[in-house]
Structure formats: structure tokens, C-alpha cells
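Examining the three-dimensional arrangement
Chain residues, written in single-letter form:
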Amino acid sequence: MNEHGTSADLWDSIGRLHAWLDANRAHGGADGLLLRVLKLSEEVGEVAEAVIGATGQNPRKGTTHSWEDVQAELCDVVITALVALRTMTPDARGVFTAHLERVTARSLGGPDAATDASGGS
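A brief structural summary. (Residues numbered from 1 in each chain as written. Predicted model: local features only at pLDDT ≥ 70, side-chain atom pairs only at ≥ 80, totals over all residues. Heavy atoms only, no water.)

Below, the discussion takes up the overall build of the protein chain. Regarding its fold elements, the protein chain presents five helices and zero strands. Per-residue burial for the protein chain yields a buried fraction of 18% across its 121 residues. Split by element, the accessible area of the protein chain, about 8500 Å² in all, is 58% carbon and sulfur. (Helix = DSSP H or I, 4+ residues; strand = E, 2+ residues; numbered from the N terminus. Buried < 20%, exposed > 50% of the residue type's maximum accessible area, 1.4 Å probe, protein only. Areas by Shrake-Rupley, 256 points an atom, 1.4 Å probe, with all protein chains shown as cover.)

Written out as C-alpha cells, the structure reads:
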């Protein structure tokens, strides 16, 4: 159980969403993969729309979204990306974890850099 009262594992949920989408897809094969990846562009567009709406940047529409809407749209981007990754490989968890470790090491200078930067031992 986590602080939000759910015991659902991220990767279990991604796997279940992937299976549900595959069972209900209109296109399979390479087309299905491409469409699933293109879904990311749609979701990123929704983030942009929410930010514009939260800041009232469209004078015709005014403030139409909240920052909570932006957070929800960002979550949709992450979920969509992880499902697309799972569509490309059954080892999405391993691919993502390895890539995150490489990005973290490259950005923070190694596995101990985050601890050192925060003043830890």
C-alpha cells in the first residue's frame, strides 16, 4: 500500500493497459505501433492546451484550466509513453530502468553524485 491507498504496481498497471489496448485495437503490426507512438503527440498537445488555459494566454477563452489539469495531462503523457515502450518490447521495465540509470549517471555524474549533492554520506 502506498500513501494514496493503492497497491497497484506501476509496471503491472502499464502491462494491463497495454493488454487492454491490444485487445481493443483497430490496427495491429507496424501501423498499430506507429499510431500508439503518435498518441504521444496528442497527449503533449493536451499538456500545452492545459498550460495555455491555466495561464489564460488565449484572450478569447480566458482561464480554462487549472494547474491540476496540467498535472493530469503530464501524467497522461508518461502513461502513454510507457505503454508505447511496452508495445515495442515486453521488457519495458528493464529498458526504462537501464535508460534512467544512464541518464541519471550522465546528468548527475554517477550513482553517488545525487547523495553527495544533497549532503548525504
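Tallying each qualifying case throughout the model produces one aromatic pair. Where tryptophan 11 meets phenylalanine 96, the ring centres are 6.0 Å apart and the plane angle is 55 degrees; that geometry is what we call tilted. Of the two residues, tryptophan 11 sits in helix α1 (residues 10-23) while phenylalanine 96 sits in helix α4 (residues 92-108), which places them 85 residues apart along the sequence. Phenylalanine 96 sits in the partly exposed class, given a relative accessible area of 35%. (Phe/Tyr/Trp six-rings, centres within 6.5 Å; stacked < 30°, edge-to-face > 60°.)

On to the packing of α1 against helix α3 (residues 67-88), then. Axis separation between α1 and α3 bottoms out at 9 Å; the angle between their running directions is 70 degrees. On the basis of their axis angle, the class for α1 and α3 is roughly perpendicular. Of the residues in α3, those touching α1 at Leu10, Trp11, Ile14, Leu17, His18 and Leu21 are Ile79, Leu82, Val83, Arg86 and Thr87. (Axes fitted to C-alpha atoms, helices over the stretch in contact; angles between N-to-C directions. Parallel < 35°, antiparallel > 145°, perpendicular 65-115°, else oblique. Contact = heavy atoms within 4.5 Å.)

For the rest of this paragraph, the subject is the layout of surface pockets. Its boundaries defined by the atoms lining it, the largest pocket holds a volume of some 360 Å³. Forming the boundary of the largest pocket are 15 residues, of which Leu21, Arg36, Lys39, Thr80 and Val83 lie nearest the centre. (1 Å grid on protein atoms, 1.4 Å probe; cavity = no way out; pocket = protein on both sides within 12 Å on 5 of 7 lines; lining within 4 Å. Points joined across faces, edges and corners; volume = space filled by probe spheres on them.)

Here the structure, examined in full by the defined rule, presents six salt bridges. Notably, a salt bridge pairs lysine 39 with glutamate 42, separated by 2.9 Å at the nearest N-O pair. With lysine 39 and glutamate 42 both in helix α2 (residues 29-55) and three residues apart, this pair spans about one turn of that helix. Using a relative accessible area of 32% as the deciding quantity, one classes lysine 39 as partly exposed. Residues joined in a network through salt bridges with shared partners are Asp22, Arg25 and Arg36. (Salt bridge = Lys/Arg side-chain N within 4 Å of Asp/Glu carboxyl O.)

Here we come to a nonpolar patch on the surface. There is a patch of nonpolar side chains on the surface, built from Leu17, Trp20, Leu21 and Ile79 and spanning about 350 Å² of accessible area. Of all the elements, α1 adds the most residues to the nonpolar patch, at three residues. Here isoleucine 79 shows up in helix α3. Taking the relative accessible area as the measure of exposure, isoleucine 79 reaches 38% and is therefore partly exposed. (Patch = residues over 30% accessible without salt bridge, like charges linked within 9 Å, V, L, I, M, F, W, Y side chains within 5 Å.)

This paragraph deals with the nonpolar core. One finds Trp11, Ile14, Leu82, Val83, Leu85 and Ala92 forming the largest nonpolar core, which totals six residues. Those elements giving two or more residues to this core turn out to be α1 and α3. Looking at this core element by element, the count peaks at three residues for α3. Those residues in contact with isoleucine 14, other than ones at most four positions away along the chain, are Ile79, Leu82, Val83 and Arg86. (Core = buried A, V, L, I, M, F, W, Y, C linked by side-chain atoms within 4.5 Å.)

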